[in-house]
Structure formats: structure tokens, C-alpha cells
Amino acid sequence: MSEQPRASFGGKLSAILVAAGSAIGLGSIWRFPYMAGENGGAAFLLVYLLCVFVVGIPVMLGEFAVGRATKLNAVGGFRSLSRPWRWLGYNGVLGALLISGYYYIVAGWSLEYMVSSFGNLYSSGAPFSEQFAAFQASPRQAIYTVIFILLTHLIIIRGVEKGIEKASKVMMPALLVILVIMAVRVAFMPGAAEGYRFFLNPDFKVAFSPNTIFTAIGQAFFSLSVGMGCMVTYASYFKKDNNLTGTSMSVALLTLMVAVLAGLVIFPAVFSAGLEPAEGASLIFNTLPEIFKDMPFAAVWSAAFFLLLTLASLTSTISFHEVLTAYFAEEHKLSRKWATRLTSALSIALCMLSLYWVFDIDFAGIKMENASCFDLFDYVTANILMPLGGLLTCIFVAWRMKPEFLRDEMTNYGKLKGRAYPLLRFALRFVTPLLIIYIFIKNLGLF
Ligand code: PHE
């Protein structure tokens, strides 16, 4: 985007669409059910909901304010307001790099499931978990990962983001519709009630354990694409009259809706098929085919769903690829083409590391056996870098900058009433940062 004259997104709707395009993706449909399954189901949902409102929306608003006020990328945006704060931009760049190191792998799974819906997935009759394990053990996994990176690369290098913007106008409603159809379908599966209980009836003791809050905050950051400068970059293309508060609420609510729908689809199906909700990263890939397999035109439904998931992932991969590409192009004076190539090459290298290197960790309260960079990158970005970025964004917007900065951006220099301003300023000054600090101290054994 750096070499072109600074464009802006068409209207209010398209600003919401592109930001929601970045937010809605594997985070809501793959990671949310997998984290909820491992952390008490309904308890996790409850805390996640709170985190979206208390942490996600204020931080997103703060990033929008910085982006639109400066009209610059993540590093440049913070730097232009205050030089030392450029490090907050670098934190985002590092986050984008680590997310690139595993997100494409999962996006590749979705692509492979779209293709194999018409291949062996339903015709072979083998249990889905065995098929997934076999796929993971084969070189196909690496191939699909690379294909996904190249797909993102092509879109970025051709500058066809506008096309993607148009496509997401159709894709996002279609994704919601298919999720609703699936949610209705699973309600009729035997044993579904157990899944609703798991997902909707919280155990408060589990909910308010520091670990659940820690994981849920991480999930809120990850699923909303906040805490790493992505929304700074996107907001730099917003128009002057965009209502930033309304946009951040709409994006958060849409993302939340997709995540809740995903839970309402997955958990009844998990219990109906006798699977384990806490089985981890493979959860949706082993569960969703159970829903499709007895439907008429199973392959078509399945392929349609995985196509939409693939497209939703693509609008997210574009957004963090762009954070890196813009950074390399603008800060290291690479041509746009070479910056894109460098980003894609790094993504391939990191994904291969994630796929083929296994080790143990016992460090700063983090214990993982048989870990891979896949788990490590996921943990470090969602649970450390993004909350840290979010914390610093709050401090920057609500303490370092003058109060007028946030007020002007929220009211469009007096044109809007900005009734939520006192509440959001209070959240950004006290509630959000203190909550993040408390959870860091509790979970990382910092003191
Ligand atoms: N929010 C995206 C998702 O849920 C992932 C993402 C994180 C994208 C950070 C950009 C930046 O899939």
C-alpha cells in the first residue's frame, strides 16, 4: 500500500467489512472452540464475552484512533506521535511474524478439507480422526501450507485487495448463513443436549480462575486482531467521518457472533459423535465432518463450508502479511515487490520450522512437552505479545497522549456526540490495563 497514493475505504460499511475481514477467521471458528473445549466450555465463553467488551473494544478503538489520526503503518504511526513508542509498532511486527509461522498451516488444513470433501474424506469410510492424523503425517500438509502462503502472496503483490473487499461482502453473510444452517442441523443430532450444557451452562469456579481469564484474554486479542498494530494499519485508510466507536463495536459484535455460532455448531456435534471437547487443535477438523456425513450432498455442504472458512482465513492472512510487507517496504526501503517476497519467504521458513521441529520447554512458568513452534508461536503471540501490545496501547492512548486525542477521534472533532467517551476513556486508563497487568502477574509468575 505504501507506494500507491493513500486510498481510503469506500464507506462506513466497507471500513467495517475490511476490519471484520481481518478479525473473523480461524480465530473464531478454529481457535475459539478449541480453547473453549480445553477450558471448561461455558466458563470460557462467559469470560471471553467479558474480555471482548472490557479489553477488546477499548484497545481496538485506541488502535483505530492512532491509525486514522496518523494515516501511517503500525511502526510509523506510533513513532510519528512519540518516537520511543515506535517499539510498540515493533512488538506488532514481531507478532505478525510469529502468527505467520503457524496460521498458514491451519489455513492449509481448511484448504485441504475443501478439496478432499470431493475426494476421500467421505468416501473412504475411515474415522475422521485417523484421516486427519494421516494427513498431518503426509507431505500434503506442508504443500497446502505453501499453497496458502502463495495465494496470499499473489493477492498482495497484485494489489487486488479491493477485489477481496468486494468478495467479502458476499463471503461474510454466506459464512453466517452456512453456520446458522449447521447450527440448526446439529440440534437434531442425538445427544446434542450434552453439548449445549457444556457450552452454555458455566461453572463459575472454572470461569474466574486466573488461567481461564488468561486464555480468554489471549483469545479476545487474537480473534479481534488487536494488540499488534493490524487495526492501526487498517484504520489509516478510514475516512474522516467514520464513527470509530461504532465501527469497533460492529467488528467486535460480528466476530463474537461468528465465535458463538461456531461453538453452537461444534459442541453438540462433539458430544453427539462421542468425541473429546478438549482434544486440541484438531477439534473442528475431526468434528465438522461428523455433521456433514449424514446430510444429503455431504460433499457439497462440506466443500462449501471449508471454502468459506478458507476465504475467511485469507482475509486474515492478507492483514498480517500486509503489516510485515508495509514494514519492510517503508522502514527498510525495500521495493514493495521485494518486501512481499521477503515476507512470504519468512512465512514459509517459519511454517516449516513449526511443522518439523519438536522440543520440550520449561521456562518462566511455561511447561510444554513435545512442543513445536506451532504451539510456541501461538502461545507467545496470543498470550504474551498481543496482550502486551494492548496494554501499551491503552497506556499510550489514555496516559501518554492528551485527553483531546481520544475525544477528537471519537467525536470526529466535535461532529459526533461521543457519548461513550467518558466510559471508554475510563476503561482505557484503568480497567483494561489493570486487568491485563493483573493477569500477567498471576500467570507468568512475574513477581
Ligand atoms: N483475527 C484473526 C483470526 O481470528 C487472526 C489475526 C490476528 C489476524 C492478528 C491479524 C492479526 O483469524
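As the structure is a computational prediction, the values presented were derived from the model and not from experiment.

## Some thoughts on the overall build of the protein chain
At step 1: Helix and strand counts for the protein chain come out as 20 helices and 2 strands.
At step 2: Its C-alpha atoms give the protein chain a radius of gyration of 21 Å, within 12% of the compact-globule value 22 Å for 447 residues.
At step 3: The principal-axis extents of the C-alpha atoms in the protein chain amount to approximately 60 × 50 × 45 Å.
At step 4: Across the 447 residues of the protein chain, 59% fall into the buried class.
At step 5: Excluding contacts between residues fewer than 6 apart, the proportion of contacts in the protein chain whose partners are at least 24 apart in sequence is 80%.
At step 6: Carbon and sulfur atoms make up 67% of the accessible area of the protein chain, which totals about 17600 Å².
At step 7: Computed over 33 positive and 25 negative side-chain charges, the separation of the two mean positions in the protein chain equals 14 Å.

## Quick notes on the environment of K402
At step 1: Take K402: it is sitting in the loop between α18 (373–400) and α19 (403–411).
At step 2: Judged by its relative accessible area of 58%, K402 is exposed.
At step 3: Taking the C-alpha atoms as reference, K402 lies 32 Å from N443; in sequence the two are 41 residues apart.

## A word on the nonpolar core
At step 1: Grouped together as the largest cluster of nonpolar side chains are 151 residues, with contacts concentrated most on W30, Y48, W109, F285, L288 and F305.
At step 2: Here the element with the most residues in this core is helix α3 (residues 42–70); it accounts for 15 residues.
At step 3: Apart from residues lying up to four places away in sequence, W30 is in contact with Y102, V106, W109, A281, I284, F285 and F374.

## Some points on the site of the ligand
At step 1: Neighbouring the ligand are 16 residues; A23, G27, Y103, F222 and S225 lie closest to it.
At step 2: In the environment of the ligand, an oxygen atom lies 2.9 Å from a nitrogen or oxygen atom belonging to the backbone of A23.
At step 3: Taking F222, its main chain carries an N or O atom lying 2.7 Å from a nitrogen atom of the ligand.
At step 4: About the coverage of the ligand: the protein hides 100% of its 320 Å² of free accessible area.
At step 5: Secondary-structure elements contributing two or more residues to the shell around the ligand are α1 (12–23), α2 (26–38), α5 (86–116), α12 (210–224) and α16 (298–331).
At step 6: Tallying contributions element by element places α16 first for the shell around the ligand, with 3 residues.
At step 7: In the shell around the ligand, the residues fall into 9 nonpolar, 7 polar and no charged.

## Some remarks on unusual backbone geometry
At step 1: We note that S225 has phi near 55°; this positive angle belongs to a residue other than glycine.
At step 2: Relative to the elements of secondary structure, S225 occurs in the loop between α12 and α13 (230–235).
At step 3: The class of S225 is buried, set by a relative accessible area of 8%.
At step 4: For N370, which is not glycine, the phi torsion reads 50° and is therefore positive.
At step 5: What makes N370 exposed here is its relative accessible area of 61%.

## Quick notes on the side chain of S223
At step 1: Tracing the backbone through its elements, the reader meets S223 in helix α12.
At step 2: Looking at S223, the relative accessible area reads 0%, which means it is buried.
At step 3: What S223 contacts, discounting residues up to four positions off in sequence, is A23, G27, S28, Y48 and T255.

## Some thoughts on the pattern of salt bridges
At step 1: Overall, the coordinates contain 7 salt bridges when judged by the stated rule.
At step 2: D378 is paired through a salt bridge with R31; the nearest N and O atoms lie 2.9 Å apart. On the criterion of sequence distance, the pair formed by D378 in helix α18 and R31 in helix α2 is long-range, its members being 347 residues apart.
At step 3: A relative accessible area of 6% means that D378 is categorised as buried.
At step 4: In this structure, R197 engages E194 in a salt bridge whose closest nitrogen and oxygen atoms are separated by 2.7 Å. Here the residue R197 and the residue E194 both occupy positions in helix α10 (residues 192–200), the gap between them amounting to 3 residues, near one helical turn.

## Considerations on the packing of aromatic side chains
At step 1: Applying the stated criterion across every chain, the model contains 37 aromatic pairs.
At step 2: Residues F32 and F199 carry aromatic rings whose centres are separated by 6.1 Å and whose planes lie at 75° to one another, so their mutual orientation is edge-to-face. Here F199 lies in helix α10 and F32 lies in helix α2, a separation of 167 residues in the sequence. Accessibility assignment for this pair places F32 and F199 in one class, buried.
At step 3: It is R31 that lies over the ring of F222; its NZ or CZ is 5.2 Å from the centre.
At step 4: Over the ring of W338 we find R341, and its NZ or CZ is 4.6 Å from the ring centre.

Definitions and limits used
Residues numbered from 1 in each chain as written. Predicted model: local features only at pLDDT ≥ 70, side-chain atom pairs only at ≥ 80, totals over all residues. Heavy atoms only, no water. Helix = DSSP H or I, 4+ residues; strand = E, 2+ residues; numbered from the N terminus. Rg over C-alpha atoms; globule rule 2.2 N^0.38 Å. Buried < 20%, exposed > 50% of the residue type's maximum accessible area, 1.4 Å probe, protein only. Contact = heavy atoms within 4.5 Å. Areas by Shrake-Rupley, 256 points an atom, 1.4 Å probe, with all protein chains shown as cover. Lys, Arg positive; Asp, Glu negative; His and termini not counted. Charge placed at Lys NZ, Arg CZ, Asp CG, Glu CD. Core = buried A, V, L, I, M, F, W, Y, C linked by side-chain atoms within 4.5 Å. Near = heavy atom within 4 Å. Polar contact = N/O pair within 3.5 Å; in protein donor to acceptor, adjacent residues only side chain to side chain. Nonpolar A, V, L, I, M, F, W, Y, C, P; charged D, E, K, R; others polar. Salt bridge = Lys/Arg side-chain N within 4 Å of Asp/Glu carboxyl O. Phe/Tyr/Trp six-rings, centres within 6.5 Å; stacked < 30°, edge-to-face > 60°. Lys NZ or Arg CZ within 6 Å of the ring centre and 35° of its normal.

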